[in-house]
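Chain by chain, the residues:
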Amino acid sequence: MAQTESMISEEMRAEIGVEGAPRSFVIEAGHIRHFATAIEDANPIYADEAYARNTPYGGVIAPPTFFRATGYALPGPGSRRAAAPQGPPARQAGGPPAGGTGLDGGSEWEFFKPVRPGDVITAVSKLVDLQERQGRAGAMIIRRTETVYTNQLGELVAKGWGTSLTQYRREQA
Amino acid sequence: MPDYPPKQVYWEDVSEGMEIPKLVKHPTPQSLVRYAGASGDFNVIHYNETLAKAQRLPGIIVHGALKNAYLGQLLTDWVGLHGRVRKYGAQYRGMDFPDDDLACRGLVTRKYEEGGEFLVDLEIWTENPSGEKTSPGFATVALPSRKALAAQLQG
């Protein structure tokens, strides 16, 4: 049997650290409510303006992982996000080879400012790490992406890190 | 489900090793469909059993990101209106299935002051009905301090 070749090409490796094009999206109150309902979080800070006005936030805010919804909401021209909904927004050019099965490996967040309806959030993503594991069942490519979110005032609102796993099953003998 | 606003926890109330109030979620297949719609994550493994099995999964599975959202609620419910979730994250190590209870839990690992803030580090996780930690994670939150509030009032 031939020695296993790395599935990570030089081209893929060259993507590490390269920022993708900025993507902007408007935060909508209805989308926040829809998202809060979907995660079954009844906190009125996400839906009830009268309640939220009398809190330290002074108005409705988005739940912490709402950014997760914004990446998909914006499939711009030529975007393949809708077809490959795995992990946080990432540049397709640095994507894994075809034929694998995608799995979400995890997410981390750091929050700096609340996000409110009407905010215009801009996200910039880059691949920060690329690893490969060879197991009995096949190979796995592990991609870690960092996304920086800023608002319309240029303020840093959050950072997110996502790990996406792509499994390539070896054919059973 | 807590009442809102939740009772405010203060930094002085917290001790290392204590567990924070558990949040038990019960995602159904409908929850996964709702989350697919709200998040835009339409991966078929979350709502189409035939296609999920074709990918050698036992059935449809709960979105990792939905578990992450549940852990977010565990934290926001706990820190209340005057606390802030600074950072948190989790790894999706084990699959979870709809119609199972999914417990979100957290343990305080460290309590400290830094840069004028009153911070608490936690180990957080989701737990399946067999007691396995399916999404181990971490968090750092800032809490209001009675001591600091009293000092502000005197100052």
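Below is a short write-up of the structure. Throughout this description, residue numbers start from 1 for each chain and increase along the sequence as written. Both sets of labels track the order of writing: A upward for chains, 1 upward for ligands. Owing to the predicted nature of the model, reporting of local features is limited to residues with pLDDT of at least 70; listing and counting of side-chain atom pairs is limited to 80 or more, with chain, interface and lining totals taken over all residues. Think of the side-chain values as coming from all heavy atoms in the structure, minus any hydrogens and water.

## Considerations on the overall build of chain A
Then, number 1: Secondary structure elements are defined from DSSP: runs of H or I of at least 4 residues count as helices, runs of E of at least 2 residues count as strands, and each element is numbered from the N terminus. A count of helical and extended segments in chain A gives four helices and five strands.
Then, number 2: Counting helices and strands in the order they occur from the N terminus, chain A gives α-β-α-α-α-β-β-β-β.
Then, number 3: Per-residue burial for chain A yields a buried fraction of 45% across its 173 residues.
Then, number 4: Contacts were defined at the residue level, with two residues in contact if any of their heavy atoms lie within 4.5 Å. Residue pairs at least 24 apart in sequence account for 67% of intrachain contacts in chain A once pairs closer than 6 positions are excluded.
Then, number 5: Surface exposure here means Shrake-Rupley accessible area, sampled with a 1.4 Å probe, where a residue is shielded only by the protein chains that are shown. Approximately 8600 Å² of chain A is accessible, and the part contributed by carbon and sulfur atoms is 51%. Each residue's exposure class comes from its accessible area (1.4 Å probe, protein chains only) as a fraction of the maximum for that residue type: buried when under 20%, exposed when over 50%, partly exposed otherwise.

## Examining the overall build of chain B
Then, number 1: Scanning chain B from N- to C-terminus turns up four helices and five strands.
Then, number 2: On the principal axes, the C-alpha backbone points of chain B span a range of 65 × 25 × 25 Å.
Then, number 3: The 155 residues of chain B split such that 52% are buried.
Then, number 4: When contacts within chain B are restricted to residue pairs at least 6 apart in sequence, those whose partners lie at least 24 apart make up 69%.
Then, number 5: As displayed, chain B has an accessible area near 7200 Å², and 51% of this comes from carbon and sulfur atoms.
Then, number 6: His is not counted, nor are the chain ends, whereas Lys and Arg count as positive and Asp and Glu as negative. For the purpose of locating charges, the reference atoms are NZ of Lys, CZ of Arg, CG of Asp and CD of Glu. The centroid of the 17 positive side-chain charges in chain B is displaced by 2 Å from the centroid of its 19 negative side-chain charges.

## Describing a nonpolar patch on the surface
Residues and elements named next belong to chain B.
Then, number 1: On the surface, a nonpolar cluster with roughly 290 Å² of combined accessible area is contributed by Val-33, Phe-42 and Tyr-47.
Then, number 2: Assignment of secondary structure puts Val-33 in helix α1 (residues 29–39).
Then, number 3: Look at Val-33 and you get partly exposed, because its relative accessible area is 48%. A patch consists of residues exposed above 30% relative accessible area that lack any salt bridge, with like charges linked at up to 9 Å and nonpolar side chains (Val, Leu, Ile, Met, Phe, Trp, Tyr) linked at up to 5 Å. Salt bridges, as used here, are contacts in which a Lys or Arg side-chain nitrogen is within 4 Å of a carboxyl oxygen on Asp or Glu.

## So, the sheet that holds strand β5 (residues 133–142) of chain B
Then, number 1: Strand pairing requires that DSSP identify at least two bridges connecting the strands. On the basis of which strands lie adjacent, the open sheet formed by ten strands has the order β1(A)-β3(A)-β4(A)-β5(A)-β2(A)-β2(B)-β5(B)-β4(B)-β3(B)-β1(B) and antiparallel pairing. Each edge of the open sheet carries a strand with a single partner, namely β1 (23–26) of chain A together with β1 (23–25) of chain B. On average, each strand axis in the sheet is tilted by 25° relative to the strand beside it, whichever way the strands run.
Then, number 2: In the sheet, strand β2 (residues 101–111) of chain A pairs with strand β2 (residues 84–91) of chain B via five bridges, with the strands oriented antiparallel. Bridge pairing links Trp-109 of chain A to Tyr-88 of chain B in β2 of chain B. For every element, the axis is a line fit to its C-alpha atoms; helices are fit only across the contacting stretch, and the angle between N-to-C directions ranges from 0 to 180 degrees.

## Concerning the nonpolar core
Then, number 1: With 65 residues, the main nonpolar core has Trp-78 and Leu-122 of chain B as its most contacted residues.
Then, number 2: Looking at this core element by element, the count peaks at nine residues for helix α3 (residues 64–79) of chain B.
Then, number 3: Those residues in contact with Leu-122 of chain B that sit more than four places away from it in its chain are Ile-20, Leu-75, Trp-78, Leu-107, Val-108, Thr-109, Gly-137, Phe-138, Ala-139 and Val-141 of chain B.
Then, number 4: Counting residues in hydrophobic clusters, the runner-up holds six residues, among them Ile-8, Met-12, Leu-127 and Ile-141 of chain A. Residues belong to one nonpolar core when they are buried, are Ala, Val, Leu, Ile, Met, Phe, Trp, Tyr or Cys, and are joined through side-chain atoms within 4.5 Å.

## So, the interface of chain A and chain B
Then, number 1: Taken together, the 37 residues of chain A in the interface contact 38 residues of chain B.
Then, number 2: When the two sides are added together, the surface that chain A and chain B hide from each other amounts to roughly 3100 Å², 55% of it contributed by carbon and sulfur.
Then, number 3: As used here, buried area is the combined drop in accessible area, with a 1.4 Å probe, of two parts when they are placed together. Looking only at chain A, the three residues that lose the most surface to chain B are Ile-39, Glu-40 and Phe-111 of chain A, adding up to 15% of its buried area.
Then, number 4: The tally of links from chain A across to chain B stands at zero salt bridges.
Then, number 5: The term polar contact refers here to a pair of N or O atoms within 3.5 Å; inside protein, the definition further demands a hydrogen-donor-capable atom paired with an acceptor-capable atom, and it admits residues adjacent in sequence only when both atoms are side-chain atoms. One can count twelve residue pairs in polar contact (both at pLDDT 80 or more) joining chain A with chain B.
Then, number 6: The leading source of residues in the side of chain A that touches chain B is β2 of chain A, at eleven residues.

## Quick word on α3 of chain B
Residue and element names in this part refer to chain B.
Then, number 1: In a regular helix each residue adds 1.5 Å, so 16 residues correspond to 22 Å; α3 covers 23 Å between its end C-alpha atoms and thus fits that length.
Then, number 2: α3 sits mainly inside the fold: 16 of its 16 residues count as buried.
Then, number 3: Among the residues trailing α3, Gly-80 stands out with phi positive, at a value near 70°. One fewer than the residue count of a helix, multiplied by 1.5 Å, yields its expected span.

## Observations regarding the environment of Asp-129 of chain A
All names here are of chain A.
Then, number 1: Take Asp-129: it is sitting in strand β3 (residues 120–135).
Then, number 2: With 101 residues separating them in the primary sequence, Asp-129 and Glu-28 have C-alpha atoms 32 Å apart.
Then, number 3: Leaving out residues up to four positions away in the same chain, Asp-129 has contacts with Ile-142, Arg-143 and Arg-144.
Then, number 4: For Asp-129, the side chain forms a polar contact with the side chain of Gln-131, separated by 3.3 Å.

## Looking at the side chain of Asn-43 of chain A
Then, number 1: If you trace the backbone, Asn-43 of chain A turns up in the loop between α2 (29–38) and α3 (49–53).
Then, number 2: Look at Asn-43 of chain A and you get buried, because its relative accessible area is 8%.

The analysis is restricted to geometry; functional conclusions fall outside its scope.
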